[in-house]
Amino acid sequence: MKDGEASFTARFPAILRAAHQVLDGDPKILDDPLAIGFVEGACAKEIKANIERYQSPPLIQARAWFAMRHRFAEDSLAQAVAGGAGQYVILGAGLDTFAYRPAQNKTALHIFEVDYPATQEWKKDRLKTLRIDIPEHVTFAPVDFERQSLAQGLAQSDFDFSAPAFFSWLGVTMYLERGAVFKTLKDILSMAPSTQVAFDFELDEAALHGQVKRSIAKASASAARRGEPWKSRFKAEELQLALREMGFKDVTYFNAFQAEERYFSGRGDGLSLNGAGHMMLARA
Ligand SMILES: C[S@@+](CC[C@H](N)C(=O)[O-])C[C@H]1O[C@@H](n2cnc3c(N)ncnc32)[C@H](O)[C@@H]1O
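Starting afresh in each chain, residues are numbered from 1 along the sequence in its written order. Where local features are concerned, this predicted model is filtered to residues with pLDDT of at least 70; where side-chain atom pairs are given and counted, the filter is 80 or more; whole-chain, interface and lining totals use all residues. Calculation of side-chain values draws on the structure's entire complement of heavy atoms; hydrogens and water are dropped beforehand.

### Quick word on the overall build of the protein
- A count of helices and strands for the protein gives 10 helices and seven strands.
- Taking 284 residues into account, the globule formula puts the C-alpha radius of gyration at 19 Å, and the protein, at 18 Å, falls close to it.
- Along the longest, intermediate and shortest principal axes, the C-alpha atoms of the protein span 50 × 45 × 40 Å.
- Each residue gets one of three labels from its accessible area relative to the maximum for its type: buried under 20%, exposed over 50%, partly exposed in between, using a 1.4 Å probe on protein chains only. Taken across its 284 residues, the protein has 56% of its residues classed as buried.
- Taking as baseline every contact in the protein between residues at least 6 positions apart, the subset at least 24 positions apart corresponds to 75%.
- Only the protein chains shown count as cover for residues, and all accessible areas are computed by the Shrake-Rupley method using a 1.4 Å probe. As displayed, the protein offers around 12900 Å² of accessible surface, 51% of which is attributable to carbon and sulfur atoms.
- For the protein, the centre of its 34 positive side-chain charges and the centre of its 36 negative side-chain charges are spaced 4 Å apart. To qualify as a helix, a DSSP run of H or I must reach at least 4 residues; to qualify as a strand, a run of E must reach at least 2; elements of each kind are numbered from the N terminus. What the globule rule says is 2.2 Å times the number of residues to the power 0.38, and the radius of gyration is computed from C-alpha atoms. Residue contacts are defined here by distance: any two heavy atoms, one from each residue, within 4.5 Å place the two residues in contact. The sign given to each residue is positive for Lys and Arg and negative for Asp and Glu; His and the chain ends receive no count. Lysine's charge is taken at NZ, arginine's at CZ, aspartate's at CG and glutamate's at CD.

Here it is in structure tokens:
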């Protein structure tokens, strides 16, 4: 992150989630109409005016991934809520719309958005511009994962450490040093039993091949140019083992091929992950 500046890379997934609503067929991988216009450049008119760019294979693949990682987290959250979790903590929330969707007004879920302070201020400004009031069920907790602990950040909010929560951490771990990733995971592990976390991570370069390797290299170079270089990558099996050794239970590695089968099979619009995207789900 550039010191004191809002995340630039948070715009791209937000715009592509909007493009998913505007350009892809039904059912959507992620049903998120609020994404349209949520960030500058994400209104339907602008997306349609650049349709050739958005319908290029790299952007189709990227939006499939950005939609899928949220869908996986939100499906896992729904199961956690059915099991009794009443708190949802969105780490590195960026322009995630979940908390502002009308459906959330009908639930008792308390949502915490944890993000780099400058990104959070930018999001609050954006909400003001869009005339979206911050609902009572939403708490903002500013945290720089490389300088503060998640536990300290949440301790300054009304987060209930004695009750189980569900954490999502999407598109963030690659921007942090390994130490900050494991420190944050340790904090999650220390929370109430049955607390869960879903997060994505970048695969070690040695595990990448062909088209996926090329598109990941481009994404990484683009983030670095924006002043937000990727700092950590993992071997999936090693990460899974590390989570188990830390004390997490039910550690599930959900890879791109499983995601393709679960969420994309039978679609007629060509939307596909094409082998990109890796997630973990684990229970404290
Ligand atoms: C690529 S965006 C992803 C945003 C959102 N989760 C999504 O999927 O659209 C990366 C997010 O990580 C956050 N981030 C990066 N480094 C961080 C740090 N050191 N502490 C807290 N948040 C950080 C940024 O502020 C930004 O919101």
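Having seen the structure, we can now continue with the description.
### Re the sheet that holds strand β7 (residues 279-283)
- Across the sheet, seven strands lie side by side as β3-β2-β1-β4-β5-β7-β6; this open sheet has mixed pairing. Strands at the two margins of the open sheet, each flanked by one partner only, are β3 (138-142) and β6 (249-254). Along the sheet, successive strands turn relative to each other by an average axial angle of 15°, direction set aside.
- At least two DSSP bridges between two strands are needed for those strands to be called paired. Two elements, strand β5 (residues 196-200) and β7, share five bridges in a ladder whose sense is antiparallel. Each bridged residue has a counterpart across the sheet, and for Asp-200 the counterpart in β7 is Met-279.
- Note on definitions: angles span 0 to 180 degrees between N-to-C directions of axes, and those axes are lines fitted to C-alpha atoms, for helices only across the stretch in contact. Against the sheet, helix α4 (residues 57-82) contacts β1 (87-91), β4 (165-169), β5, β6 and β7, and its axis sits at roughly 15° relative to β7.
- Against the sheet, helix α9 (residues 236-246) touches β5, β6 and β7, its axis set at about 165° to β6.

### Topic: the nonpolar core
- Grouping buried Ala, Val, Leu, Ile, Met, Phe, Trp, Tyr and Cys residues that are joined through side-chain atoms within 4.5 Å yields what is termed a nonpolar core. Tyr-54, Met-68, Phe-72, Tyr-88, Tyr-100, Phe-264 and Leu-273 are the most contacted members of the largest nonpolar core, which has 55 residues in total.
- Within the residue set of this core, elements represented by two or more residues are α1 (11-23), α4, β1, α5 (117-129), β3, α10 (256-264) and β7.
- Per element, the largest residue contribution to this core is 12 residues, and it comes from α4.
- The next biggest cluster of nonpolar side chains, apart from the first, holds 44 residues, and it includes Val-114, Ala-236, Leu-243 and Ala-276.

### A few points about the environment of Arg-147
- By the secondary structure assignment, Arg-147 is in the loop between β3 and α6 (150-155).
- In the structure, Arg-147 is positioned 33 residues away from Ala-180 in sequence and 8.5 Å away in space, judged by C-alpha atoms.
- Side-chain polar atoms of Arg-147 contact the side chain of Asp-3, separated by 3.2 Å. Think of a polar contact as two N or O atoms within 3.5 Å of one another; within protein, one of them needs to be a possible hydrogen donor and the other a possible acceptor, and neighboring residues in sequence only count if both atoms come from side chains.

### Remarks on the packing of aromatic side chains
- Any pair of Phe, Tyr and Trp rings, taking the six-membered ring for Trp, is counted once the centres come within 6.5 Å. Such a pair is stacked with planes under 30 degrees apart, edge-to-face with planes over 60 apart, and tilted for the rest. Taken as a whole, this structure holds 15 aromatic pairs when the rule is applied.
- Consider the rings of Phe-182 and Phe-234, whose centres lie 5.9 Å apart with planes at 90°: the pair is edge-to-face. In this pair, Phe-182 sits in helix α7 (residues 178-189) while Phe-234 sits in the loop between α8 (210-225) and α9, placing the two residues 52 residues apart along the sequence. The burial state of Phe-182 is the same as that of Phe-234; both residues are buried.
- By way of ring pairs, the aromatic residues Phe-145, Trp-169, Phe-182, Phe-199, Phe-201, Phe-234 and Tyr-253 are connected into one cluster.
- Residue placement shows Arg-53 over the ring face of Tyr-54; its charged tip is 5.6 Å from the ring centre.
- By the criterion adopted, a ring carries a charge over it if an Arg CZ or a Lys NZ lies within 6 Å of its centre and within 35 degrees of its normal. Above the plane of the ring of Phe-140 lies Lys-124, whose end atom (NZ or CZ) is 5.2 Å from the centre.

### Concerning unusual backbone geometry
- A cis amide bond links Asp-26 to the next residue, Pro-27, at an omega of -5°.
- Phi at Ser-194 takes a positive value of approximately 80°, unusual for a residue other than glycine.
- The residue Ser-194 is located in the loop between α7 and β5 in this model.
- For Ser-194, a relative accessible area of 40% gives the class partly exposed.
- With phi around 50°, Asp-250 is a residue other than glycine that occupies positive phi space.
- Topologically, Asp-250 is positioned in strand β6.

### A short note on α1
- Each residue after the first adds 1.5 Å to the expected span of a helix. The end-to-end C-alpha distance of α1, which contains 13 residues, comes to 18 Å, matching closely the 18 Å that a straight helix rising 1.5 Å per residue would cover.
- Counting buried positions over the 13 residues of α1 gives 11, a clear majority of the element.
- Buried within α1 are the following residues: Pro-13, Ala-14, Ile-15, Leu-16, Arg-17, Ala-18, Ala-19, His-20, Gln-21, Val-22 and Leu-23.
- Those residues of α1 hidden inside the fold are in contact with α2 (44-49), α3 (51-54) and α4.

Note that all results are geometric; they support no functional claim without further evidence.
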